[in-house]
Amino acid sequence: MKTRNTILLTAASVLTAALFLADLTVGSANLSLREIWAGLSGRTADDTLRYIVLNFRLPKAVTALFAGAALSAVGLQMQTLFRNPLAGPYVLGVSSGASLGVALFTLGMPLLGLSPSSVWWGSLGIVGSAWIGAALILLVIMAITARLKDIMAVLIIGMMFGSAATAVVEILQYMSPEGAVKSYVVWTMGSLGGVMLSELWLLVPILSVGLIISIGLIKPLNMLLLGENYARTMGLNVRATRLWIFLATILLAGTTTAYCGPISFLGLAVPHIVRMLFREADHRTLMPASMICGGGIMLLCDMATQLPPNDLTLPVNTVMALIGIPVVIVVLLRTRKTA
């Protein structure tokens, strides 16, 4: 079994690396790997080629790789913590909090007579407001968690906060002008192409810290597989572990949502795909495999959104739903069969 998992993990890593290179070549203008290398290394006199590679193709591929790994890692942690196969990275209200932050910026400012794009920090406004909204929701939940022992109560509170945030967003949509509502709706569809090269210097370090925390949680997550009471008898500080998991959720899911929009299904589906492939419950295998496979699937979805003949780019959520929904159905059928 160990040899089999090693071979599978190696194959997944090689396939993800190949998808990363392939994603660099796909777009409105297909480029060869030689042209990509020339643009990256500066060994070309074509300024347009160099600009396309450095400012569009490379940031988009790196964002897809890290975002897929981040959401998959959070999904695995949520499913283990709540012992719920349908838990995902947005179960604690991260998506709703980020959506509320963006709505307050995109929809709220026009109500005050201001244009978000006219503000000097408007280019970073959507990202910053989404991150702050997601972080505030989880910080409140973390404060409440310190007083609660029942993890299901924490889950219900997170869902309540998410519903409240959604209600406020709907009120803002109802009151806002058509142009502002359209801008907000486009953000909710998800996109990997909005991250510029200069923004990677913030995105990659934050997600890297979150992924390192997730790797450090492998042993506590294994202890939580048999329940919190068992984990306590083994000497695990369950409350501290929850806080670390929530911190990782803020850094990974919150930041990804801020930069790419609320990407659905990936964090829910990938851990189940990995479990079916590796036939393993040990997080020492599941965590790195989920990160690698999540990055690869996100790269694959990014390529699928490109429609070169018409120069169109589909929202990433539409493609992700086509992958995630069948996985959710299979999980529900297997869970019913097991019951």
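Small disclaimer: the values here were computed from a predicted structure and weren't measured. (Residues numbered from 1 in each chain as written. Predicted model: local features only at pLDDT ≥ 70, side-chain atom pairs only at ≥ 80, totals over all residues. Heavy atoms only, no water.)

**Topic: the overall build of the chain**
Move 1: The helix and strand inventory of the chain stands at 15 helices and two strands.
Move 2: Computed over C-alpha atoms, the radius of gyration of the chain comes to 20 Å, within 12% of the 20 Å expected from 2.2 N^0.38 for 339 residues, which places it in the range of a compact globule.
Move 3: Here the C-alpha coordinates of the chain stretch approximately 65 × 55 × 35 Å along the principal axes.
Move 4: Looking at the chain residue by residue over its 339 residues, the buried ones come to 51%.
Move 5: At a minimum sequence separation of 6, the contacts of the chain that also span at least 24 residues come to 78%.
Move 6: Total accessible area on the chain is roughly 16300 Å²; 69% of this is exposed by carbon and sulfur atoms. (Helix = DSSP H or I, 4+ residues; strand = E, 2+ residues; numbered from the N terminus. Rg over C-alpha atoms; globule rule 2.2 N^0.38 Å. Buried < 20%, exposed > 50% of the residue type's maximum accessible area, 1.4 Å probe, protein only. Contact = heavy atoms within 4.5 Å. Areas by Shrake-Rupley, 256 points an atom, 1.4 Å probe, with all protein chains shown as cover.)

**Thoughts on the environment of Trp 37**
Move 1: Relative to the helices and strands, Trp 37 resides in helix α2 (residues 33-41).
Move 2: Given the relative accessible area of 52%, Trp 37 is considered exposed.
Move 3: In this structure, the C-alpha to C-alpha distance between Trp 37 and Met 175, residues 138 residues apart in sequence, is 49 Å.

**A look at a nonpolar patch on the surface**
Move 1: Together, Leu 225, Leu 226, Tyr 230 and Met 234 make up an exposed nonpolar region whose accessible area comes to about 380 Å².
Move 2: Turning to its location among the elements, Leu 225 is positioned in the loop between α10 (218-224) and α11 (228-233). (Patch = residues over 30% accessible without salt bridge, like charges linked within 9 Å, V, L, I, M, F, W, Y side chains within 5 Å. Salt bridge = Lys/Arg side-chain N within 4 Å of Asp/Glu carboxyl O.)

**Considering the UniProt feature "transmembrane region" (unreviewed entry) in the chain**
Move 1: Taking the numbering used here, the UniProt-annotated feature "transmembrane region" (unreviewed entry) corresponds to residues 58-78, 90-113, 119-144, 151-172, 211-231, 243-274 and 312-333.
Move 2: Secondary structure content for residues 151-172 is 100% helix and 0% strand, and the end C-alpha separation is 32 Å.
Move 3: Between the end C-alpha atoms of residues 243-274 there is a gap of 25 Å, over a span that is 84% helix and 0% strand. (UniProt positions renumbered as here; feature names shortened; annotations may be inferred.)

**Notes on the packing of aromatic side chains**
Move 1: With the rule as written, the count across this model stands at one aromatic pair.
Move 2: Judged by centre distance (5.7 Å) and plane angle (70 degrees), the rings of Tyr 51 and Phe 56 are edge-to-face.
Move 3: Judged by its relative accessible area of 39%, Phe 56 falls in the partly exposed class. (Phe/Tyr/Trp six-rings, centres within 6.5 Å; stacked < 30°, edge-to-face > 60°.)

**Some words on the pattern of salt bridges**
Move 1: As enumerated under the stated definition, the model contains five salt bridges in all.
Move 2: The partner of Arg 232 in a salt bridge is Glu 228, and the shortest N-O contact between them spans 3.6 Å. Placement of the pair is Arg 232 and Glu 228 together in helix α11, with a separation of four residues, close to one helical turn.
Move 3: On the accessibility criterion, Arg 232 (35% relative accessible area) is partly exposed.
Move 4: The exposure class of Glu 228 is buried, given its relative accessible area of 13%.
Move 5: Linking Arg 242 and Glu 228 is a salt bridge whose minimum nitrogen-to-oxygen distance equals 3.3 Å. With Arg 242 in helix α12 (residues 238-260) and Glu 228 in helix α11, this pair connects stretches of sequence that are 14 residues apart.
Move 6: The network of salt bridges with shared partners includes Asp 23, Lys 60 and Asp 302.

**Re the state of the cysteines**
Move 1: What the rule picks out here adds up to zero disulfides.
Move 2: Cys 293 takes part in no disulfide bond, and the closest cysteine sulfur to it belongs to Cys 301, at a distance of 13 Å.
Move 3: By relative accessible area, which is 1% here, Cys 301 ends up buried. (Disulfide = S-S within 2.5 Å.)

**Side note on empty space enclosed by the protein**
Using a probe with the size of a water molecule, rolled over the atoms, empty space left in the structure can be pinpointed.
Move 1: Counted under the stated rule, the structure contains one cavity of 30 Å³ or more.
Move 2: If you add up the space inside the largest cavity, you get close to 30 Å³.
Move 3: If you trace the largest cavity, you find it lined by Phe 265, Leu 266, Ala 269, Val 270, Ile 273, Ile 297, Met 320, Ile 323 and Gly 324.
Move 4: At the level of elements, α13 (266-278) and α15 (316-338) are the ones that each hand at least two residues to the lining of the largest cavity.
Move 5: Looking at the lining of the largest cavity element by element, the count peaks at four residues for α13.
Move 6: Per-class residue counts for the lining of the largest cavity are eight nonpolar, one polar and no charged. (1 Å grid on protein atoms, 1.4 Å probe; cavity = no way out; pocket = protein on both sides within 12 Å on 5 of 7 lines; lining within 4 Å. Points joined across faces, edges and corners; volume = space filled by probe spheres on them. Nonpolar A, V, L, I, M, F, W, Y, C, P; charged D, E, K, R; others polar.)

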